[in-house]
Every structure is written in structure tokens, then in C-alpha cells.
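# What the coordinates show
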Amino acid sequence: MFLEVETHCHTIASGHAYNTLEEMVLEAQRKGLKGICITDHGPEMPGSCSSLYFYNLVVVPRRINGIMVFRGCEANIVDYEGNIDIPEAALKRLDFVIASLHDVCIPSGTVSDHTRALIGAIKNPYIHCIGHPGNPLYEIDKEEVVLAAMEYKKAIEINNSSFYVREKSKENCIEILKLCKKHGVYIALGSDAHYKADIGRCEITQKLVCEYEFPPELIVNKSLESFISFLKLHGKDLDLKQKF
């Protein structure tokens, strides 16, 4: 299986990644991708950029060297109600917003706390995807979160880098994948690249979706067309021929 859109990557604007936006886009082109979401961390992440960076992403061309560029963000969930660190004025200008729990932005609490935080984020109309929910530092009621994603037609990310940097994530990710299949919930397969060589690197997640026979029509970034169709569900009417 081949993915056409990278849904999760970081540039030097995140403060702990190592390539520019243009370098990431050109790497996506080199690897044969058709689209890329630039999803730098929100301002609560130490060293990351201000909200103005996300507000101003509209100046980035819609296409660079033939690759469709989606203006995005990995927002940090900052409390157990699911609030995030990106203001509405900036969110309105973005195409694709991931919301995630990070230990430098919010302490781990109880299963109930984490579950409530993710469901609160899912209910936010500007959020499209929950990032790396398999993180064992933030154990959740997986079925409750998946059912909320089903209700609001949001995507759950199966994060490839989690298998390398988040110890004991695999079991959680497999369980989440099975629940998404059971309830017909969208997933996104993201590399979470912080260096250009990792763009499109989803070999473990792609192997799992094949192994567990996950329905291809529920993988939002399988094709450029499927990703744009997913965004249209949430009011983002993007044209494949759009330049700006």
C-alpha cells in the first residue's frame, strides 16, 4: 500500500526539528507523494513558534513543485477539557489540525482525565485528527474516544514514530486500529517526521493496516482525493487545481 499524502511532519519552526518547510516539501516530491501537511507544534511546546506563524501560513503557496501543501498544525491539548493552544482566528485559516497530548504541555493524570481531554478536542469543530493516542503515558478509554471520533467524523492517527520513540505504544495502537475498524472510524497514517528523511515513512503502520485488513476507504491520506474529500466533510472545500 502506498500513501499519497503526508499528514504529520515538523519543520524548524517547531524548535526541535531540522529542516525548512521547503526542504520537507521537496523531499515529499522526491518520494513520489502528492500532498503534504505542514503540522508544526503549537506555541505551548517549548521552543515552538507563536500563533502568528499559523495565522500567516496562508502566504505559503498551495502548490510547491507540483506538491499540494496543506496548512496545518499539531496543536497541544493544554487541559483535561480538551482546550488547545491555537486561537480561533488562526484555526480558521488552517486546512488540517491535529490535537495531541504532550508531556511538556500537560501532566499525565487518570484514564478519565485523558479520555475527557481527547473527547473535548474531538468536539472542537476546527480539529480534524487526534495525534498519537496510543501513547502509554496517557492511557485512555479507547472505545469511548473512538466512538466520539465516529460521532464527529474525526480521524484517529496511527503514528509511525510512536513505535520507535514511545515505548509500549504498539499494543495500544493495535487495539485502537481494531476499534476504528469495528466502528468505521477514519484513520490517518502519519510519519511525525522531524527530519526530511522520515517524510512518508509509515512502514509499520501500513503493515498493520494490511495485517488487520483495515478498510482502505477509511484511511484519509491513502490518496490526495480521499484526503481532500475528508477535509470537505469539515467545511474545507479545496480544489486540486488551486495554486494559492
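First, a word on what this report is: a plain description of the structure on this page. (Residues numbered from 1 in each chain as written. Predicted model: local features only at pLDDT ≥ 70, side-chain atom pairs only at ≥ 80, totals over all residues. Heavy atoms only, no water.)

Counted according to the given criterion, the structure contains two cavities of 30 Å³ or more. Computed from the structure, the largest cavity encloses a volume of approximately 60 Å³. Around the largest cavity, the lining residues are Leu101, Leu118, Gly131, His132, Pro133, Gly134, Asn135, Tyr138 and Ile140. In this model, the second largest cavity occupies a volume close to 30 Å³. Lining the second largest cavity are Leu3, Val5, Glu6, Leu33, Leu189, Gly200 and Cys202. Residues of the lining of the second largest cavity, tallied by class, amount to five nonpolar, one polar and one charged. (1 Å grid on protein atoms, 1.4 Å probe; cavity = no way out; pocket = protein on both sides within 12 Å on 5 of 7 lines; lining within 4 Å. Points joined across faces, edges and corners; volume = space filled by probe spheres on them. Nonpolar A, V, L, I, M, F, W, Y, C, P; charged D, E, K, R; others polar.)

This part covers the packing of aromatic side chains. Enumeration according to the criterion identifies four aromatic pairs in this entry. For the pair Phe70 and Phe227, a centre-to-centre distance of 4.9 Å together with 80° between the ring planes defines the contact as edge-to-face. Taken together, the residues Phe70 in strand β4 (residues 67–76) and Phe227 in helix α9 (residues 224–233) connect sequence positions 157 residues apart. For Phe227, a relative accessible area of 0% gives the class buried. With 5.1 Å between their ring centres and 70° between their planes, Phe96 and Phe227 make a pair best called edge-to-face. Linking Phe96 in strand β5 (residues 96–100) with Phe227 in helix α9, this pair joins segments that are 131 residues apart in sequence. Neither Phe96 nor Phe227 differs from the other in exposure class; each is buried. Taken together, the aromatic side chains of Phe70, Phe96 and Phe227 make up a single cluster linked through ring pairs. The residue whose ring lies beneath Arg93 is Tyr55, and the NZ or CZ to ring-centre distance is 3.8 Å. (Phe/Tyr/Trp six-rings, centres within 6.5 Å; stacked < 30°, edge-to-face > 60°. Helix = DSSP H or I, 4+ residues; strand = E, 2+ residues; numbered from the N terminus. Buried < 20%, exposed > 50% of the residue type's maximum accessible area, 1.4 Å probe, protein only. Lys NZ or Arg CZ within 6 Å of the ring centre and 35° of its normal.)

Keep in mind that these numbers describe shape and distance, not what the molecule does.
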